[in-house]
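A closer look at the structure
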Amino acid sequence: MIAALYVDVARGPYPTIEGVECYGFGTRDGRQVSAFVLERDARTYDGPWPIIAHPPCGPWGRFWWNYKGGEGDKDCGVRAVEQVRQFGGILEHPAQSSLFDVLGLPCPGEGVDHHGGRTIEVRQCDWGHPCAKPTWLYCVGVEQFPPMPPTKEPTHVMVRLLRNNNDRPELPKRDRHITPRRFAVWLRDAVLAGRGLPPFVGGGRG
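It should be emphasised that the depicted structure is a prediction, and the values quoted were computed from it without experimental measurement. Counting starts from 1 at the beginning of each chain's written sequence and moves along it residue by residue. Predicted model: local features are reported for residues with pLDDT of at least 70 only, side-chain atom pairs are reported and counted for 80 or more only, and whole-chain, interface and lining totals are derived from all residues. For side-chain calculations, the full set of non-hydrogen atoms in the structure is used, while hydrogens and water are omitted.

**Examining the pairing of strand S6 (residues 134-140)**
- With respect to burial, S6 is a largely interior element, six of its seven residues being buried.
- Strand direction decides the pairing type here: strand S4 (residues 89-94) and S6, joined by six bridges, are antiparallel. Paired with Gly-89 across the two strands is Val-140, which belongs to S6.
- Sheet analysis places strand S5 (residues 117-123) next to S6, joined by seven bridges and oriented antiparallel. Paired with Glu-121 across the bridge in S6 is Trp-136. Exposed residues in this analysis have more than 50% of their type's maximum accessible area, buried residues have under 20%, and partly exposed residues fall in between, with area computed by a 1.4 Å probe over protein chains only. Where helices and strands are cited, they refer to DSSP runs of H or I of at least four residues and of E of at least two residues respectively, numbered from the N terminus. Whether two strands pair depends on DSSP finding at least two bridges between them.

Laid out in structure tokens, this is it:
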């Protein structure tokens, strides 16, 4: 079993993926209100399973100054780092996230830290996200990874800026945080491999 923390239960893929227990919250109408509820507050997760953590990126990203708090508080990121170091697994955050600098996490290519953690970079569009979404994965106790998917080109951009230098449409804000199902399954299988366990066959509950 694996715990998926700080996830959108209403619209994200994790509730239907076999072998995953979710700690997160999103309303049934698909509008994300908070990353947690009292009954399943991801910040209080205390084991025993390894984790996949998706703490809110807004407070730590390029546009932190415009973050309204809809996906959870800034302290979720700090707590998620503590949890992945304690229980093992993978923490996912945007490339160049200030969380890495503030908490001293290694950047891609910088080797292993004293918690046994290392970071790799991927693009979520390779698993089906409409945007390129370069992502850093801080991995503790994960030494082997499932095969990477073929590279793909994004169809959208997260935010339209003049320097984008392309005519791709902007992805609606409500959809930007959604993890592609194939990426979620890949993360689950990577964490299982870290425990010496085989991947699930099929990848889901339905």
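**A short note on helix H1 (residues 75-87)**
- For H1, built from 13 residues, the straight-helix expectation of 18 Å at 1.5 Å per residue is met to within 8% by its first-to-last C-alpha distance of 18 Å.
- Restricting attention to buried positions, one finds in H1 the residues Cys-76, Gly-77, Arg-79, Ala-80, Val-81, Gln-83, Val-84 and Phe-87.
- Once H1 finishes, Gly-88 follows within two positions and takes phi at roughly 80 degrees, a positive value. Helices are assigned an expected span. That span is 1.5 Å times one less than the residue count.

**Focus on unusual backbone geometry**
- Look at the link from Gly-47 to Pro-48: it is a cis peptide, with omega at 10 degrees.
- Mapped onto the fold, Pro-48 is located in the loop between strand S2 (20-24) and strand S3 (51-53).
- Look at Tyr-6: it is not a glycine, yet its phi comes out positive at around 60 degrees.
- Residue position: Tyr-6 is located in strand S1 (residues 2-7).

**Re the sheet that holds S2**
- Strand order across the open sheet formed by six strands is S2-S1-S3-S4-S6-S5, with mixed pairing between neighbours. Lying at the two open borders of the sheet, with one neighbouring strand each, are S2 and S5. Going from strand to strand, the sheet's axes swing by 20 degrees on average, the running direction of each strand aside.
- Strand direction decides the pairing type here: S1 and S3, joined by three bridges, are parallel. Of the residues in S3, the one forming a bridge with Leu-5 is Ala-53.
- Against the sheet, H1 touches S1, S3, S4 and S6, its axis set at about 155 degrees to S4. Axes here mean lines fitted to C-alpha atoms, for a helix over just the part in contact, with angles spanning 0 to 180 degrees between N-to-C directions. Here, residues are in contact when the closest pair of their heavy atoms is within 4.5 Å.

**A few points about the pairing of S2**
- Most of S2 sits inside the fold, with four of its five residues counted as buried.
- Relative to S2, S1 runs parallel, the two being bridged by five bridges. Note that in S2 the partner of Ala-4 across the bridge is Cys-22.

**Notes on the nonpolar core**
- Residues belong to one nonpolar core when they are buried, are Ala, Val, Leu, Ile, Met, Phe, Trp, Tyr or Cys, and are joined through side-chain atoms within 4.5 Å. Ranked by internal contacts, the top residues of the largest apolar core, which has 23 residues, are Tyr-14, Ile-90, Leu-137, Phe-183, Trp-186 and Leu-187.
- Going through the elements one at a time, S1, S2, S5, S6 and helix H3 (181-194) are the ones with two or more residues in this core.
- Considering every element that reaches this core, the biggest residue donor is H3, with eight residues.
- In terms of nonpolar packing, the next biggest core, distinct from the first, is built from 22 residues, Tyr-6, Ala-42, Cys-76 and Ala-95 among them.

**Digging into the pattern of salt bridges**
- Each salt bridge in this description consists of a side-chain nitrogen of Lys or Arg and a carboxyl oxygen of Asp or Glu lying within 4 Å of one another. A complete count under the given rule lists 11 salt bridges for this structure.
- For Glu-82, the salt bridge goes to Arg-79, with nearest N and O atoms at 3.2 Å. Of this pair, Glu-82 and Arg-79 are both found in helix H1, three residues apart, which corresponds to roughly one turn of the helix.
- Its relative accessible area of 43% is what places Glu-82 among the partly exposed residues.
- Connected through shared salt-bridge partners, Arg-11, Arg-174 and Asp-175 make up one network.

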